[in-house]
Amino acid sequence: MSERNIAIIGAGYVGLVAAACFAKKHNVVCVDIDEDKVELINNAKAPFYEPGLDELIKSGIKSGKLRATNDINGALESAEFIFISVGTPSKDNGEIDLSYVKSAAHDIGKALRNYAVVVQRSTVVPGTTRNVVKKIIEEQSGRKADKDFGIAFVPEFLREGNAVHDFMEPDRVVIGADDDRVTDNLLELYRDFYPKMPDSALVTMSIESAELVKYASNLFLATKISFANEVAELAEKIPNVDIVDVMRGVGLDKRIGPSYLGAGAGFGGSCFPKDLNAIVHFARKIDVPPFITEAVLKRNRRQIERIVSFVVDQLGKLDDKRIAVLGLSFKPGTSDTRESPALKIVNELMRLGAKDIIACDPKAVDEAKRVFGESIKYTEDPFEAIKNADCAVVVTDWDEFKNISPDDFAGLMRNPLVIDGRRIYQPEKFEGRVKLICVGRYIQR
Ligand code: NAI
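Residues numbered from 1 in each chain as written. Predicted model: local features only at pLDDT ≥ 70, side-chain atom pairs only at ≥ 80, totals over all residues. Heavy atoms only, no water.

Asks: Whenever I open this one, the site of the ligand confuses me. Can you help?
Replies: Close to the ligand lie 29 residues; Asp32, Lys37, Thr88, Glu160 and Lys274 are nearest. The separation between an oxygen atom of the ligand and a polar side-chain atom of Asp32 is 2.6 Å. Here an oxygen atom of the ligand and a side-chain polar atom of Lys37 are 2.6 Å apart. Computed on the free molecule, the ligand has an accessible area of 830 Å², of which 91% lies beneath the protein chains in the complex. Elements represented by at least two residues in the shell around the ligand include exactly helix H1 (13-22) and helix H5 (99-111). With 4 residues, H5 is the largest single contributor of residues to the shell around the ligand. Classifying every residue of the shell around the ligand by side-chain character gives 11 nonpolar, 9 polar and 9 charged. Both domain 1 (5-205) and domain 2 (240-438) contribute no fewer than three residues apiece to the shell around the ligand. (Near = heavy atom within 4 Å. Polar contact = N/O pair within 3.5 Å; in protein donor to acceptor, adjacent residues only side chain to side chain. Areas by Shrake-Rupley, 256 points an atom, 1.4 Å probe, with all protein chains shown as cover. Helix = DSSP H or I, 4+ residues; strand = E, 2+ residues; numbered from the N terminus. Nonpolar A, V, L, I, M, F, W, Y, C, P; charged D, E, K, R; others polar. Domains from an automatic or database assignment.)

Below, the structure is given as structure tokens:
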């Protein structure tokens, strides 16, 4: 397949990763309303941390296959594919906020001149691509879907922290489209880009089914995490039980699988919480009781309370204690702090009177500063964080924290007490030297 012209609207985690990866082969232009982002990309810099992304952007800019712009008109002139990757956050009531998607569709409609396949990639509730995106483009362009432009929904499944790898080697590509020309165009694009992908991993279906695949996948993964957390709380009350062993035993069952069974501080990030809230809202709107989704969210909120209660149970009063919070990003490998359990834990500790919190993260300190300002202290060095602390709470499982040994904790802390909220330490090594409280391991009271 020859080089194709691709325009990607929204240069965030999803859009920019796709752009940088596609630019290995195709001509890609990213359109974003954020001028700083556009400038950074054109200067060959990633606006956020994602392993491997900086290098890909550099090579894309160098080869001339990647560029960014604020000007959607120019960007769409020769585009054959237009990907929409703008944010779909939650409104206060949990409902999906489609304002960015609507505005992107509006801009595309105004700028559309030639036939192009518009591919909705932002996660949206079923019906949105057809009833909102397609409709707005038709209204604004005066053109007809299927005839003058194509429309499809292709969900994105990448994980932040592994985004480049996930984009380059996805488990599957789901194409939701009604029109054969659109389906064929997309199959050709993806078959060519993923030459090793078996045909069985390229699945086609209706637009609405594809929209629901994305929500169903996130609901299932979040359910696995909340399931592990629920069993973890049982484990804490049963002598000799450790959730790590239990989930190893459970996950080896091929019907279940080992991934997403890590008990801990719960899930966060820009997807699971907001997508589950969107499901609850959408389900109620169409008269379906969202039993599982609500329970998963409730269990997730409880994990924050439980980690904080471990700290309070051990320290008593918090106002005269130094607490080191290890981790700020919602998971390792990213600077993203959206819906991060760490931020919720810091907030809760402050609400309960903690006045001396030092938070440590290798990549997300700048993001957290925007939230907490000078209310807490920050460091990127875990050893500095634990120095003179009365308690260290592990909230994100960065490798940097795994390297802290029991001797380091014992030697540097004022009171060697560690709460392992991500199960990164081996309890046997801490026995008799440092008090270690682990999520999902029997806690003697
Ligand atoms: P993001 O917030 O990082 O990026 C969105 C970008 O779109 C921003 O740079 C923003 O300035 C830009 N934007 C907003 N309106 C625009 C417009 N009218 N024209 C041009 N640019 C515009 O969002 P992120 O995380 O990349 O997510 C995008 C979508 O992908 C969401 O629906 C999300 O649920 C979904 N998704 C996200 C994943 C993730 O790991 N972050 C994984 C899979 C799906």
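From this point, the narrative continues.
Asks: I tried to follow the sheet that holds strand S11 (residues 377-379) on my own but got confused; where do I start?
Replies: Hydrogen bonds between backbone groups are what pair the strands of a sheet, and the pairing can be parallel or antiparallel. The 6 strands lie next to each other as S11-S10-S9-S12-S13-S14, forming an open sheet whose pairing is parallel. Whereas interior strands pair on both sides, the edge strands pair on one side only; in this sheet they are S11 and strand S14 (435-438). On average, each strand axis in the sheet is inclined to that of its neighbour by 20 degrees, with strand direction left out of account. Relative to strand S12 (residues 391-394), strand S9 (residues 322-326) runs parallel, the two sharing 4 bridges. Each bridged residue has a counterpart across the sheet, and for Val325 the counterpart in S12 is Val393. (Pairing = 2+ DSSP bridges. Axes fitted to C-alpha atoms, helices over the stretch in contact; angles between N-to-C directions.)

Asks: Teacher, can you tell me more about unusual backbone geometry here?
Replies: Excluding glycine, a negative phi dihedral is what most residues carry, and trans is how most peptide bonds are arranged. Phi is positive for Asp146, which is not a glycine, with a value near 75 degrees. Phi at Arg423 takes a positive value of approximately 55 degrees, unusual for a residue other than glycine. Within the secondary structure, Arg423 sits in the loop between strand S13 (417-420) and helix H18 (427-430). Overall, Arg423 belongs to the buried group, its relative accessible area being 15%. (Buried < 20%, exposed > 50% of the residue type's maximum accessible area, 1.4 Å probe, protein only.)

Asks: Any chance you could explain the state of the cysteines here in plain terms?
Replies: Between two cysteines, a covalent bond joining their sulfur atoms is known as a disulfide. One pass over the full model with this rule turns up 0 disulfides. Among the cysteines around Cys30, which has no disulfide bond, Cys21 carries the closest sulfur, lying 11 Å off. There is no disulfide at Cys391, and the cysteine sulfur nearest it, in Cys438, is 12 Å away. (Disulfide = S-S within 2.5 Å.)

Asks: Is there a simple way to explain helix H13 (residues 341-351) in this structure?
Replies: Each turn of an α-helix holds 3.6 residues, which means side chains three or four residues apart point in the same direction. Burial in H13 covers these residues: Pro341, Ala342, Leu343, Ile345, Val346 and Leu349. Buried residues in H13 make contact with helix H12 (291-315), S9, strand S10 (356-360) and helix H14 (365-372). Gly353 lies just past H13 and shows a positive phi near 110 degrees. (Contact = heavy atoms within 4.5 Å.)

Asks: Where do I start with the sheet that holds strand S8 (residues 202-205) in this structure?
Replies: Reading across from one edge, S3-S2-S1-S4-S5-S6-S7-S8 is the order of the 8 strands in this open sheet, with mixed pairing throughout. On the outer flanks of this sheet lie strand S3 (66-69) and S8, each paired with one strand and no other. The sheet shows a mean angle of 25 degrees between the axes of neighbouring strands, direction not considered. Here 4 bridges tie strand S4 (residues 81-84) to strand S5 (residues 117-120), and the two strands are oriented parallel to one another. Counterpart to Phe83 in the pairing with S5 is Val119. Packing against the sheet, H5 makes contact with strand S1 (5-9), S4 and S5, and its axis sits at approximately 160 degrees to S4.

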